[in-house]
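Descriptive analysis of the structure
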Amino acid sequence: MKFKILIVDDHWVVREGLKLVLETNDSYEVVGEAGEGETAITLIEELQPDVILMDLYMPQMSGLETMKALKEMQNETPVIILTTYNEDDLMIQGLSLGAKGYLLKDTSRENLFRTIESALRGETLLQPEITARVFAKTSEKEVKSEQYADTPILTEKERNILQSVTQGLRSKEIALDMGISERTVKSHLTNIYNKLGVDSRSEAVVVSLERGILHL
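The structure contained in this document is the topic of the report that follows. Fair warning: this is a prediction, and the values are worked out from it, not measured in the lab.

1. A word on the packing of aromatic side chains
- With the rule as written, the count across this model stands at two aromatic pairs.
- Ring geometry for Phe3 versus Tyr28: centroids 6.4 Å apart, planes at 45°, classification tilted. In this pair, Phe3 sits in strand β1 (residues 3–8) while Tyr28 sits in strand β2 (residues 28–34), placing the two residues 25 residues apart along the sequence.
- By relative accessible area, Tyr28 is classed as buried at 6%.
- Ring pairs connect the aromatic residues Phe3, Tyr28 and Phe113, which therefore count as one cluster.

So this is what it looks like as structure tokens:
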């Protein structure tokens, strides 16, 4: 069985490059491609891909607008954002919309496959260089402590787990590192989501950064 990939990017060269790399792995099949959001939504409904590789900045309908539309349609196909070095603000917005990962457009073959594999498992994988940029960007914002005075405080173990998430570790890797079961890690993540009022790892990272719960 091959997993179906849809590539959404307005640059033909980027789409072709990704296709060439993906074709080297027998587990994946590129079933379609689009240069902007409206076409992408049509293809998503028709082709029902397993993973979407999505550019953030596109004409007519951007990647963020496309993700918002998918959310309104209750379409939960995992989206991995394709980004460049000058899109930090858009990256943070994408995380809040539930992106399952970020890839720089010059990422390695290994990072590409690892991020897709993580998305297929329903997990969010943040590459260290991406995480550092998100931390740096959010730290520029002044947040008044009283603004979030009613935010439930995370336990030390929950903060450690969330910190590991920002380093791109999977639940299994976090469990091994902390000497606890994978089930316990997932239970702690559920508690974190409930306390922060979020639904995913990516949202938890964004909220924790904005509220000063985590620091680089």
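There is more to say after this.
2. Regarding the packing of helix α8 (residues 171–178) against helix α9 (residues 182–196)
- Running from amino to carboxyl end, α8 crosses α9 at an angle of 110°, the nearest separation of the two axes being 8 Å. Judged by the inter-axis angle, α8 sits roughly perpendicular to α9. Residues Ser171, Lys172, Ile174 and Ala175 of α8 form the contact with α9, whose own contacting residues are Glu182, Val185, Lys186 and Leu189.

3. Here's the deal with the pattern of salt bridges
- In this structure the tally under the stated criterion is nine salt bridges.
- In this structure, Asp55 and Lys105 form a salt bridge, with 3.2 Å as the shortest nitrogen-oxygen distance. Remark: Lys105 occurs in the loop between β5 (101–104) and α5 (109–120) and Asp55 occurs in strand β3 (residues 51–55); sequence separation between them is 50 residues.
- Among the residues examined, Asp55 registers a relative accessible area of 1% and is labelled buried.
- A salt bridge links Glu182 to Lys186; its shortest N-O distance comes to 3.7 Å. You can see Glu182 and its partner Lys186 sitting in helix α9, four residues apart, about one turn around the helix.
- With relative accessibility at 32%, the residue Glu182 sits in the partly exposed group.
- Lys186 sits in the partly exposed class, given a relative accessible area of 43%.
- A single salt-bridge network, built from bridges that share partners, covers Arg15, Glu16, Lys19 and Glu33.

Scoring rules and cut-offs
Residues numbered from 1 in each chain as written. Predicted model: local features only at pLDDT ≥ 70, side-chain atom pairs only at ≥ 80, totals over all residues. Heavy atoms only, no water. Phe/Tyr/Trp six-rings, centres within 6.5 Å; stacked < 30°, edge-to-face > 60°. Helix = DSSP H or I, 4+ residues; strand = E, 2+ residues; numbered from the N terminus. Buried < 20%, exposed > 50% of the residue type's maximum accessible area, 1.4 Å probe, protein only. Axes fitted to C-alpha atoms, helices over the stretch in contact; angles between N-to-C directions. Parallel < 35°, antiparallel > 145°, perpendicular 65-115°, else oblique. Contact = heavy atoms within 4.5 Å. Salt bridge = Lys/Arg side-chain N within 4 Å of Asp/Glu carboxyl O.

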